[in-house]
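Understanding the architecture of this molecule
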Amino acid sequence: AGSAEQFCQGRNVACSRGAMGMDMEDLKDADKLKKLVIGYAKTEAFKAWGSFILFVFLVFWFFSSGDFSFLLTLSSLVSMFSFIMVVVKIESAGSVKGVSSKMMECYMAVLLGRLFAIVPFEGYLPFDKSGDWFYQACEAVSFLLCGFVVFCCRVRHSKSYDPTTDTLNHLWLMLPAMVASGIFHPNLNNFLPSDISWAFALYLESVTVLPQLFMFMKEGQAEPFTSHFLAAQAMSKLISFIFWASSFSELSNPNHYIKSFIGNWVVVMQLVQLLVMGDFIYHYIRCLRKGIPVSQLLCSENV
C-alpha cells in the first residue's frame, strides 16, 4: 500500500489536470476544443469503443428485429467485446500480467451455466430475432475466449502470471451462488437443472469481478486493458439490468410463495453487480475525463 501511495504522489503534479484535461475555457475556444477531440480520438479506449459501436450498429441492422429484448443480445455483445480486448492484448504483449485467472475461471462457470440454459431451451432467450442464434453464438464465443485466457494464464504464458497477487479463493464465490440458485430460481424453461443453471450464472456473475479487484489492490495499480475489460463488463451488466428491471415479472410464479418473488430477487442481484463495481467505474470515468491513464485509477490523489 505504501509503494502504491508513493507512486501516486510522485505523479500528482503531472496528472493533476491530465494529458487531455479540459475546463470550460477549453470548450469555448474552438481550436482548443478541436485539439481535445483529436486527442481523445487517438486514445486506445476511443478506438476500441468506436469500433465496437460501429459493430453494434451493423449487428442491430442485420440481425435484430428491433424488439426491446435486443438489450439482452447487446449485453452479451458488450461482454464478448471485453473478452476480445483481453485476448488481443495478451497475444500482442505475450503476457498475462495483471489478469486474474480466478476471475476468468468464474466467468467460464457463468457462461457454461448460461449456455446450458439457452442453447437447448428458449425460456431465457430474447424475443428479438437475434435470439434465434446470434445471442447464443455470442455467449459461446465468450466462453471460448475466456477459456483461452485461462489457458494462457495457466499454461501458455504462465511465467508472466503472478499467483501471489491472485489470492481470492473463487470457490467461496461459487458455492454460495450454487446454494442460492437451488433455492431461488425461475422456471421459464420448465426444466429444473437448466433453470438452476441460469440462476447460478446470474448469482455468480454478480461477484465474479472480485478476484480482479482484489488483484488490483494487491498490485497497487491496474493494467489498462483489464480496466477497460471491467468497464465493458459493467456496461454489459447495466444493459442487462435495464432489461430485467422492465421484464422481471415474467420470472415470477405467483402461485408459489417463494418463487413469486424471484423476479424481484433477480433485479436485486443485477443491482448488486453494479454496486460491486461502482467505485471502480467512478474512478474509471474520472480518469477518462481528466485524461489520466486508467492504470492510475487506484491513485485517489490523481482521480
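Here the structure is a predicted model, which means the values were calculated and not measured. (Residues numbered from 1 in each chain as written. Predicted model: local features only at pLDDT ≥ 70, side-chain atom pairs only at ≥ 80, totals over all residues. Heavy atoms only, no water.)

Description of the overall build of the chain
Test applied: Strands are runs of DSSP state E lasting at least two residues, helices are runs of H or I lasting at least four, and both sets are numbered from the N terminus onward. Think of it in three bands: with a 1.4 Å probe and only protein chains considered, a residue is buried below 20% of the maximum accessible area for its type, exposed above 50%, and partly exposed in between. Residue contacts follow a heavy-atom distance rule, with two residues in contact if any of their heavy atoms lie within 4.5 Å. Using a 1.4 Å probe, the Shrake-Rupley method yields the accessible areas, and only the shown protein chains count as cover for residues.
When helices and strands are counted, the chain shows 14 helices and zero strands. Helices and strands in the chain line up, N terminus first, as α-α-α-α-α-α-α-α-α-α-α-α-α-α. In the chain, which comprises 303 residues, the proportion classed as buried is 50%. Restricting to contacts in the chain with at least 6 residues of sequence separation, those with at least 24 account for 75%. Per element, the accessible surface of the chain, about 14,900 Å² overall, is 67% carbon and sulfur.

A look at the pattern of salt bridges
Using the following cut-off: Here, a salt bridge means any side-chain nitrogen of Lys or Arg that lies within 4 Å of a carboxyl oxygen of Asp or Glu.
Counted under the stated rule, the structure contains five salt bridges. Residue E91 is joined to R156 by a salt bridge in which the shortest nitrogen-to-oxygen separation is 3.5 Å. Highlighted residues: E91 in helix α6 (residues 70-93) and R156 in helix α8 (residues 134-156), separated in sequence by 65 residues. The class for R156 is partly exposed, based on a relative accessible area of 45%. Between R154 and E105 there is a salt bridge; the shortest N-O distance is 2.9 Å. Of the two residues, R154 is situated in helix α8 and E105 in helix α7 (residues 101-118); the sequence distance between them amounts to 49 residues. Residue R154 is classed as partly exposed on the basis of its relative accessible area of 41%.

Thoughts on a nonpolar patch on the surface
We count it as follows: Grouping into patches uses exposed residues only, defined as over 30% relative accessible area, and leaves out salt-bridged ones; the cut-off is 9 Å for like charges and 5 Å for nonpolar side chains (Val, Leu, Ile, Met, Phe, Trp, Tyr).
On the surface, L54, F57, L58, W61 and F62 cluster together into a nonpolar patch covering about 600 Å² of accessible area. When its relative accessible area of 55% is taken as the criterion, F62 is described as exposed.

Examining the packing of aromatic side chains
Heads up, the rule is: Ring pairs shown here join Phe, Tyr and Trp side chains whose ring centres sit within 6.5 Å, with only the six-membered ring taken for Trp; geometry is labelled stacked below 30 degrees between planes, edge-to-face above 60, and tilted in between.
All chains considered together, the criterion is met by ten aromatic pairs. Their ring planes at 25° and their centres at 5.9 Å tell us that F68 and F243 sit as a pair that is stacked. Note that F68 is positioned in the loop between α5 (44-63) and α6 and F243 in helix α12 (residues 224-247), a separation of 175 residues in sequence. For F68, a relative accessible area of 43% puts it in the partly exposed group. For F243, a relative accessible area of 7% translates into the label buried. Between Y124 and W198, the ring centres sit 4.5 Å apart and the planes meet at 10°, which makes this aromatic pair stacked. Note that Y124 is positioned in the loop between α7 and α8 and W198 in helix α10 (residues 192-205), a separation of 74 residues in sequence. The residues Y124 and W198 share a single accessibility class, namely buried. Taken together, the ring pairs in this structure connect F68, Y124, W198, F243 and W244 into an aromatic cluster.

Side note on the nonpolar core
Soluble globular proteins: nonpolar side chains tend toward being buried together. For clarity, the cut-off: To define a nonpolar core, start from buried Ala, Val, Leu, Ile, Met, Phe, Trp, Tyr and Cys residues and group those joined through side-chain atoms within 4.5 Å.
Counting residues in each nonpolar core, the largest one holds 71 residues, and the members touching the most others are L77, F83, M104, V149, L204, F229 and L230. Residue contributions to this core peak at 13 residues, all from α6. The residues touching M104, leaving out its near neighbours within four places in the chain, are F83, V86, V99, C146, V149, V150 and F229.

Structural notes on the packing of α7 against α12
What counts is decided by this rule: Helix axes are fitted to C-alpha atoms over the stretch in contact, other axes to C-alpha atoms as well, and angles between N-to-C directions run from 0 to 180 degrees. Comment on the angle field: the value is read as roughly parallel under 35 degrees, roughly antiparallel over 145, roughly perpendicular from 65 to 115, and oblique elsewhere. Helix crossings get a hand from a simple test, with the near helix turned counterclockwise from the far one by less than a right angle marking a left-handed crossing and a clockwise turn marking a right-handed one. Only Asp, Glu, Lys and Arg are considered charged in this grouping, and only Ala, Val, Leu, Ile, Met, Phe, Trp, Tyr, Cys and Pro are considered nonpolar; every other residue, Gly among them, is considered polar.
Relative to each other, α7 and α12 sit at 30°, their axes nearing to 14 Å. Relative to α12, the element α7 is oriented roughly parallel. Crossing of α7 against α12: the hand is left-handed. From α7, M103, M104 and Y107 reach across to α12, where they touch F229, L230, Q233 and K237. Taken together, the residues of the contact of α7 with α12 sort by class into five nonpolar, one polar and one charged.

Digging into the state of the cysteines
Stated precisely, the cut-off is as follows: Pairs of cysteine sulfur atoms within 2.5 Å are identified as disulfides in what follows.
Per the counting criterion, the structure on display carries zero disulfides. You can see C106 has no disulfide; the closest cysteine sulfur is in C146, sitting 9.2 Å from it. Accessibility expressed as a relative area gives 0% for C106, which makes it buried. Residue classification places C146 among the buried positions, given a relative accessible area of 0%.

Thoughts on the packing of helix α11 (residues 210-219) against α12
In contact at an axis separation of 12 Å, α11 and α12 are set at 145° when each is read in the N-to-C sense. Between α11 and α12 the crossing geometry is left-handed. Across from Q212, L213 and F216 in α11, the residues of α12 making contact are T226, S227 and L230. A per-class count over the contact of α11 with α12 returns three nonpolar, three polar and no charged.

Examining α6
Put simply, the rule reads: Every helix has an expected span of 1.5 Å times one less than the residues it contains.
With 24 residues, α6 ought to run about 34 Å at 1.5 Å a step, and its terminal C-alpha atoms sit 35 Å apart, in line with that. With 18 of 24 residues buried, α6 is to be regarded as a mostly interior element. In the stretch just after α6, G94 is the one whose phi turns positive, near 65°.

Read these as geometric descriptors, not functional statements.
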